[in-house]
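The chain contents come next:
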Amino acid sequence: MGRSVEEAYVQWRSKYLRAYGDGYYVYYKEPKENLAEMTVSEAHGYGMLISVLKRNQADFDGLFRYFLQWRNTKGLMQWQQKKAHSGGFVCGDEGGENCATDGDVDIATALFIAAKVWGRGGAQGELDYRSTAEQLAGCIWNHCFNHTTYMPLVGDWADPGDEAYALTRPSDFILSGYLMFYYEDHARKEIWANVINAIINTCQHQLQFNPQTGLIADFLTLTSHNTYDPVHKEVLESKHDKDYNWNSCRVPWRLGHYYMLSKDDRIRLLLETEGKFFADQLARGAGDGECPIRAGYHLNGKPYADYSDLAFTAPVSFLFWVLGWHQQLDQVMRYIDNDSNPTYFGESIAMLGFLQAHVPY
């Protein structure tokens, strides 16, 4: 990151952090789009992690208050809010009251960190970070996990018997968050150990499908052999559900952060395989002056997107950093520093990854 982390943070905060009532939310659209949708729980989790890692308690408490306002009946954050004609916020149209697993995992992780850093929040200490984190971790386990396989579900809306119940989404493989739960959520310590092992086993299993790339599909599905394999068609979001797309682009960063914290050798081979694939992409070049790491790949390594995006390059830069591959890191950082059109998703991942690389949990 060519700019200082402080400069990047100030820019991120001014672009995306917005007030609502007595709290804050992270705006996730582009103003020029003029859309009613304002934020999602994924963005909120990123914002809470960024705020606590920057030790900005005022922002964190504002984000915490907003979260408390938008919990659903299961104790999880409603995944999307939009602006109504009145100007107030309501839940989004497409199951907006349901949760998306990754947002709640990041929020709970941020709350556990905040409890260690500050103890409590609010002017009178009325915000109990730890108690809320423990309650949320319990809700995540109760409603966002398959209790047989210990793998994350796509949300609290996936019920046994539904097709969606067989799915898992690698953007929810937030191993550093589950490691935090293992250490801090004492009532479910062994459960989180099983979750970590199940996700690692699933990630190792993916290598047999594409050992030359290590790429993981956006969605995996539970098979009759009790393994999670890549889906072969659109199952939830797009025709690229079977590819390395906008969910799985976070895998190098999410798994890389866990490896940074744990040095768990079980995922080293997968990380190195992905690292070598992306290093080869950089070495080959694109011929158009843009970053050769493209915004979407088939699992065999063939790109289907003809452009790059920070949401794909930032996780790879984090992976290179964790692996200690400084030449490749310098290469991809030159492209990242020259990205003149970042959006919420890529910019938030880049900001959070940079902080996680330098601020211990």
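*Asks:* Is there a simple way to think about the pairing of strand 2 (residues 23-26) in this case?
*Replies:* Taken residue by residue, a regular strand's side chains alternate between the two faces of the sheet. Direction of pairing for strand 1 (residues 17-20) relative to strand 2: antiparallel, over a ladder of four bridges. The partner of arginine 18 across the bridge, within strand 2, is tyrosine 25. The antiparallel pairing of strand 1 with strand 2 creates a hairpin that spans two residues between the two strands, and glycine 21 there sits at a positive phi of about 60°.

*Asks:* Help me understand the packing of aromatic side chains in this model?
*Replies:* For any pair of aromatic rings, geometry is given as the distance between the ring centres together with the angle between the planes. Applying the stated criterion to the full structure yields 36 aromatic pairs. Between tyrosine 20 and tyrosine 66, the ring centres sit 6.1 Å apart and the planes meet at 80°, which makes this aromatic pair edge-to-face. Remark: tyrosine 66 occurs in helix 3 (residues 57-69) and tyrosine 20 occurs in strand 1; sequence separation between them is 46 residues. Residue tyrosine 20 shares its accessibility class with tyrosine 66, and that shared class is buried. Geometrically, the ring pair formed by phenylalanine 145 and tryptophan 192 is edge-to-face, given 5.7 Å between the ring centres and 80° between the ring planes.

*Asks:* Explain the side chain of aspartate 243 to me, please; I cannot follow it from the model alone.
*Replies:* In this fold, aspartate 243 is placed in the loop between strand 8 (228-230) and helix 8 (251-262). A distance of 2.7 Å separates the side chain of aspartate 243 from the side chain of histidine 240, its partner in a polar contact. When sequence neighbours within four positions are dropped, the list of residues in contact with aspartate 243 reads Ile216, Ala217, Asp218, Tyr297, His298, Leu299 and Tyr304.

*Asks:* Honestly, the pattern of salt bridges in this entry has me stumped. Any pointers?
*Replies:* Oppositely charged side chains can form a pair if their charged atoms are brought close together. If you walk through the whole model with that rule in mind, you get 20 salt bridges. Residue glutamate 347 is joined to lysine 15 by a salt bridge in which the shortest nitrogen-to-oxygen separation is 2.9 Å. With glutamate 347 in helix 12 (residues 344-358) and lysine 15 in helix 1 (residues 5-16), the pair connects residues that are 332 residues apart, well separated along the chain. Residue classification places glutamate 347 among the buried positions, given a relative accessible area of 6%. As a salt-bridge pair, aspartate 106 and arginine 254 come within 2.7 Å of each other at their nearest N and O atoms. One end of the pair, aspartate 106, is in helix 4 (residues 101-118); the other, arginine 254, is in helix 8, with 148 residues separating them in the sequence. In this structure aspartate 106 comes out as buried when scored by relative accessible area, which is 2%.

*Asks:* How should the state of the cysteines be read in this particular structure?
*Replies:* By definition, a disulfide is the covalent link that joins the sulfur atoms of two cysteine residues. Applying the stated criterion across every chain, the model contains zero disulfides. No disulfide involves cysteine 91; its nearest neighbouring cysteine sulfur is the one of cysteine 99, lying 14 Å away. Assessed through its relative accessible area of 28%, cysteine 91 is described here as partly exposed. Free of any disulfide, cysteine 203 has its nearest neighbouring cysteine sulfur in cysteine 249, separated by 15 Å. Of the residues examined, cysteine 203 reaches a relative accessible area of 1% and is grouped as buried.

*Asks:* Where do I start with the environment of valine 117 in this structure?
*Replies:* Take valine 117: it is sitting in helix 4. Among the residues examined, valine 117 registers a relative accessible area of 31% and is labelled partly exposed. Between the C-alpha atoms of valine 117 and glutamine 57, which are 60 residues apart in sequence, the distance is 9.6 Å.

*Asks:* What is the right way to read the pairing of strand 4 (residues 80-83) from this model?
*Replies:* As paired elements, strand 3 (residues 37-40) and strand 4 share three bridges and run antiparallel to each other. Opposite valine 40, over in strand 4, you have glutamine 80 as the bridge partner. Of the strand pairs in this sheet, strand 4 and strand 5 (residues 89-91) are connected by three bridges, and their pairing is antiparallel. Looking at the pairing, lysine 83 lines up with phenylalanine 89 of strand 5. The turn linking strand 4 back onto strand 5 is made up of five residues, and glycine 87 within it adopts a positive phi angle of 100°.

About the cut-offs
- Residues numbered from 1 in each chain as written.
- Predicted model: local features only at pLDDT ≥ 70, side-chain atom pairs only at ≥ 80, totals over all residues.
- Heavy atoms only, no water.
- Pairing = 2+ DSSP bridges.
- Helix = DSSP H or I, 4+ residues; strand = E, 2+ residues; numbered from the N terminus.
- Phe/Tyr/Trp six-rings, centres within 6.5 Å; stacked < 30°, edge-to-face > 60°.
- Buried < 20%, exposed > 50% of the residue type's maximum accessible area, 1.4 Å probe, protein only.
- Polar contact = N/O pair within 3.5 Å; in protein donor to acceptor, adjacent residues only side chain to side chain.
- Contact = heavy atoms within 4.5 Å.
- Salt bridge = Lys/Arg side-chain N within 4 Å of Asp/Glu carboxyl O.
- Disulfide = S-S within 2.5 Å.

The quantities given are spatial measurements derived from coordinates; they are silent on function.
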